[in-house]
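Observations on chain architecture
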Amino acid sequence: MPPSPLRAHAAKAVAVVLVVAAFLTARLPEPGAEEMAELAAGYAFTPLEIAVPDGLPTQDTRQVHPDYERIQAWISSVGAGIAATDLEGDGTPDDLCHVDPRVDRAVVAPAPTGEERYEAFALDTGGLPYDDTMAPMGCHPLDADADGRMDLLVYYWGRSPTLHLSTAAGDEAPSADAYEAVELLEGGHETWFTNASLVADVDGDGRTDLMFGNYFPDDAAVLDTSGGGAPTMQHSMSRAANGGTNRLLLGADSGQDTLFTDAGHALDAETADGWTLALGAADLDGDLLPEIHVSNDFGPDRLLRNDSVPGEPAFTVVRGTRTVATPGSKVLGEDSFKGMGIDFGDIDGDGRLDMAVSNITEEFALHESNMVWVDTGEAGALAEGRAPYRESSDSLGLSRSGWGWDIRIADLDNSGHAEVVQATGFVAGEVDRWPEIQELALANDEILADPRVWPRLGPGTDLSGDGGLVLFARPDGRGRFTDISDRAGVGHSTVSRGIALADTTGDGLLDIAVANQWDAPVLYRNDSPRAGTSLALDLVRPAEHGTTPAVGAAARVTAPDGRVYAAQVDGGNGHSGKGSTQIVVGLGDTAPEEDLSVELAWRDERGRPHRQVVTLTAGHHTVVLTDRADLRGTGDAS
């Protein structure tokens, strides 16, 4: 007798039930609606539009080389950047420099959280060479000449960066006339395609150094509509090494005619020739020399141990260790993902800096993974060439978010626990092109380098166009993070790129400035209702016109309950967002009058290392660092 139809399909049905049961069992728990509401109730942000000068010409896409026309939307997907700084020297980082692709200029504007202290203005390149084959990608505040006035650096596609040196006198309000445009490079401009910049004292000589992450090869003609030059794309989706050459410039001696000199071949081919989208620097081994993270599109990211001595930069690539249970792409230095952003911060509250790296994590499309590298505390590992980090994005609930760009680890409610905020989205349009991109991802590497064989990604293309700012939080710093963006007031759907964090109002809470691609930049004022106390530190060195940020200086704060908070003065980590150099440490329910033990570590203007413990209380403090820590009228040195 033939089996009944029911019996014939019984085995298949059982298999399906077992698969579904296994899936439901393996899924990590998610908070319910009441838990979500309670978690999000501690956060509140108000969106405020950042000014753009009137009268500037506008555009809604980039004009490109004829051979790039079929992927015009792809080429037009970057160029929004934002930075927060203190241009007036009043101790409040309430000035913004942003690049808005719609006007294709670097614009300076006051943060919209207070009075309109001056009108927004565009930086002028003056008589420097500039034409339609060039476009700004980001703005980076720094004190390039160490005179105590914040200057502005603008980096581009199509040329090397320009420096805009401040000539402001006294209480003069920022204006276009207060900046003098000069070439960064001693020999004049070159053709670069830069998507990331970094300020750090790389070689430990006490002077500011610069690093640039470049994307397209230096001889590319991406924006040359006349059809000259040699168009090219990456030669692999996972191991590309034909990108633009990353550059390291060292701060020059005061007697030289230039502010920075090219460090030549300090970066080897393994580090220099990826398609770099983000850079990060932090001292990870306590020697006051910053390690460097190079985040590459289309290939492995690199973590560089810093072996430099003054005037002689040197690095060693360190990698993670693979175990039987570790996927190859979750070994630090071996991933094949699309590194788009990098930040350092103490995500697990153990007093050590961890790392967060953005990738493409689009469901049903390119389903890679964000990376959260948690420091394992293995002493001496970096010195032995091993990266002591455990990839923990899945267990923390941070592995998926969309098409990620800038990412930040910060305490946004001053609870004493870190949140994570990320910019997401790629290209907004009407026609979904994910099927074509999936085919491209599987194509033979030999054809990738020719943009003329790519699928058509012209105007109207949509690839992860429903991005925006994503805010992850978790209760009491424990368990998995949850996306609370919509409930917290930052869930506007757009395509975002750069994130700059700064306390623009002086209330001890970090605000979030966001650069959006082909959309208005926004500042989310932090109105969180349950905020704890905080310690805000301006770690600076003396200068002719006041003080200059001590980039790379470290603070280790011990609260009365024994908890330890670690932070360093940020020199511009990430993709196209540059946060304030002010350190803000959330202290939870620590009383404002309670003493805090703060261990400071820094290098002075001659590169000599120093350490000192000072006693402070919550609030804002400026500490001038020379051969000792001088507390500006607050706290007691010990």
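Residues numbered from 1 in each chain as written. Predicted model: local features only at pLDDT ≥ 70, side-chain atom pairs only at ≥ 80, totals over all residues. Heavy atoms only, no water.

1. As for the domain arrangement of the chain
What the domain assignment reports for the chain is domain 1 (38–526) and domain 2 (533–631). Centre-to-centre separation of domain 1 and domain 2, based on C-alpha positions: 24 Å. Listed by partner, the interface residues are 63 residues for domain 1 and 43 residues for domain 2. Here domain 1 and domain 2 share an interface that buries about 3600 Å² over both sides, 46% of which is from carbon and sulfur atoms. When residues of domain 1 are sorted by the area they lose upon contact with domain 2, Leu-288, Gly-351 and Asn-414 head the list and together hold 16% of the total. Connecting domain 1 to domain 2 are 0 salt bridges. In this assembly, domain 1 and domain 2 are joined by 30 residue pairs in polar contact (both at pLDDT 80 or more). (Domains from an automatic or database assignment. Contact = heavy atoms within 4.5 Å. Buried area = accessible area lost by both parts, 1.4 Å probe. Salt bridge = Lys/Arg side-chain N within 4 Å of Asp/Glu carboxyl O. Polar contact = N/O pair within 3.5 Å; in protein donor to acceptor, adjacent residues only side chain to side chain.)

2. Concerning the packing of aromatic side chains
Each aromatic ring pair is described using two quantities: the centre-to-centre distance and the angle formed by the ring planes. Under the definition given, this model contains 18 aromatic pairs. An angle of 85° between the planes, with centres 5.1 Å apart, marks the rings of Trp-74 and Trp-454 as edge-to-face. Taken as a pair, Trp-74 in helix H3 (residues 72–75) and Trp-454 in the loop between helix H7 (445–448) and strand S25 (461–462) lie far apart in primary sequence, 380 residues in all. For the residue pair Trp-74 and Trp-454, the accessibility class agrees, reading buried in each case. A centroid spacing of 3.9 Å and a plane angle of 0° characterise the contact between Trp-403 and Phe-426, whose relative ring orientation is stacked. Of this pair, Trp-403 sits in the loop between helix H5 (393–396) and strand S22 (404–410) while Phe-426 sits in the loop between strand S23 (419–424) and strand S24 (431–432), and the two are 23 residues apart along the sequence. Neither residue differs from the other here; Trp-403 and Phe-426 are each classed as buried. (Phe/Tyr/Trp six-rings, centres within 6.5 Å; stacked < 30°, edge-to-face > 60°. Helix = DSSP H or I, 4+ residues; strand = E, 2+ residues; numbered from the N terminus. Buried < 20%, exposed > 50% of the residue type's maximum accessible area, 1.4 Å probe, protein only.)

3. A look at the sheet that holds strand S30 (residues 511–516)
One open sheet accounts for 4 strands, arranged S1-S31-S30-S29; its pairing is antiparallel. Strands at the two margins of the open sheet, each flanked by one partner only, are strand S1 (45–49) and strand S29 (496–502). Strand-to-strand twist in this sheet, taken as the mean axis angle between neighbours without regard to direction, amounts to 25°. The sheet contact formed by S1 and strand S31 (residues 522–526) spans 5 bridges and is antiparallel. Each bridged residue has a counterpart across the sheet, and for Pro-47 the counterpart in S31 is Tyr-524. (Pairing = 2+ DSSP bridges. Axes fitted to C-alpha atoms, helices over the stretch in contact; angles between N-to-C directions.)

4. Quick notes on the state of the cysteines
Throughout the structure, instances matching the rule amount to 1 disulfide. What pairs with Cys-97 in a disulfide is Cys-139, and their sulfur atoms sit 2.0 Å apart. What sets the handedness of the Cys-97 and Cys-139 disulfide is the S-S torsion sign, and at about 95° it is right-handed. Placement of Cys-97 in strand S3 (residues 95–100) and of Cys-139 in strand S6 (residues 135–142) is noted, with a sequence separation of 42 residues between them. Of the two residues, Cys-97 and Cys-139, both sit in the buried class. (Disulfide = S-S within 2.5 Å.)

5. What to know about the pairing of S30
Counting buried residues in S30 gives 6 out of 6 residues, a clear majority hidden from the surface. Judged by which residues are buried, S30 turns out to be covered on both faces: Asp-511, Ala-513 and Ala-515 on one side and Ile-512, Val-514 and Asn-516 on the other are all buried. In terms of strand pairing, S29 meets S30 through 6 bridges, oriented antiparallel. Bridged to Ser-496 within S30 is Asn-516.

6. A word on the side chain of Ser-464
Considering the arrangement of structural elements, one finds Ser-464 in the loop between S25 and strand S26 (467–473). By relative accessible area, Ser-464 is classed as buried at 5%. Apart from the residues lying within four places of it in its own chain, the contact partners of Ser-464 are Glu-362, Trp-403, Gly-425, Phe-426, Val-427 and Trp-434.

7. Brief notes about a negative patch on the surface
A contiguous patch of negative charge on the surface is contributed by Asp-561, Asp-589, Glu-593, Glu-594 and Asp-595. On the secondary structure map, Glu-593 appears in the loop between strand S37 (583–586) and strand S38 (596–603). (Patch = residues over 30% accessible without salt bridge, like charges linked within 9 Å, V, L, I, M, F, W, Y side chains within 5 Å. Areas by Shrake-Rupley, 256 points an atom, 1.4 Å probe, with all protein chains shown as cover. Lys, Arg positive; Asp, Glu negative; His and termini not counted. Charge placed at Lys NZ, Arg CZ, Asp CG, Glu CD.)

8. Digging into the sheet that holds strand S19 (residues 354–358)
Strands sit in the order S18-S19-S20-S21 across an open sheet of 4 strands; the sheet is antiparallel. Edge positions in the sheet fall to strand S18 (341–345) and strand S21 (389–391), since each of these pairs with one other strand and no more. Taken over all neighbouring pairs, the strand axes of this sheet differ in orientation by 20° on average, direction set aside.

9. A few points about the nonpolar core
If you look at the biggest cluster of nonpolar residues, it comprises 73 residues, and the most contacted ones within it are Trp-157, Phe-216 and Ile-512. Membership of the second largest hydrophobic core comes to 25 residues, among which are Ile-583, Leu-587, Val-598 and Leu-600. (Core = buried A, V, L, I, M, F, W, Y, C linked by side-chain atoms within 4.5 Å.)

10. Observations concerning the environment of Ser-493
One can find Ser-493 in strand S28 (residues 493–494). Spatially, the C-alpha atom of Ser-493 lies 46 Å from that of Arg-611, the residues being 118 residues apart in sequence.

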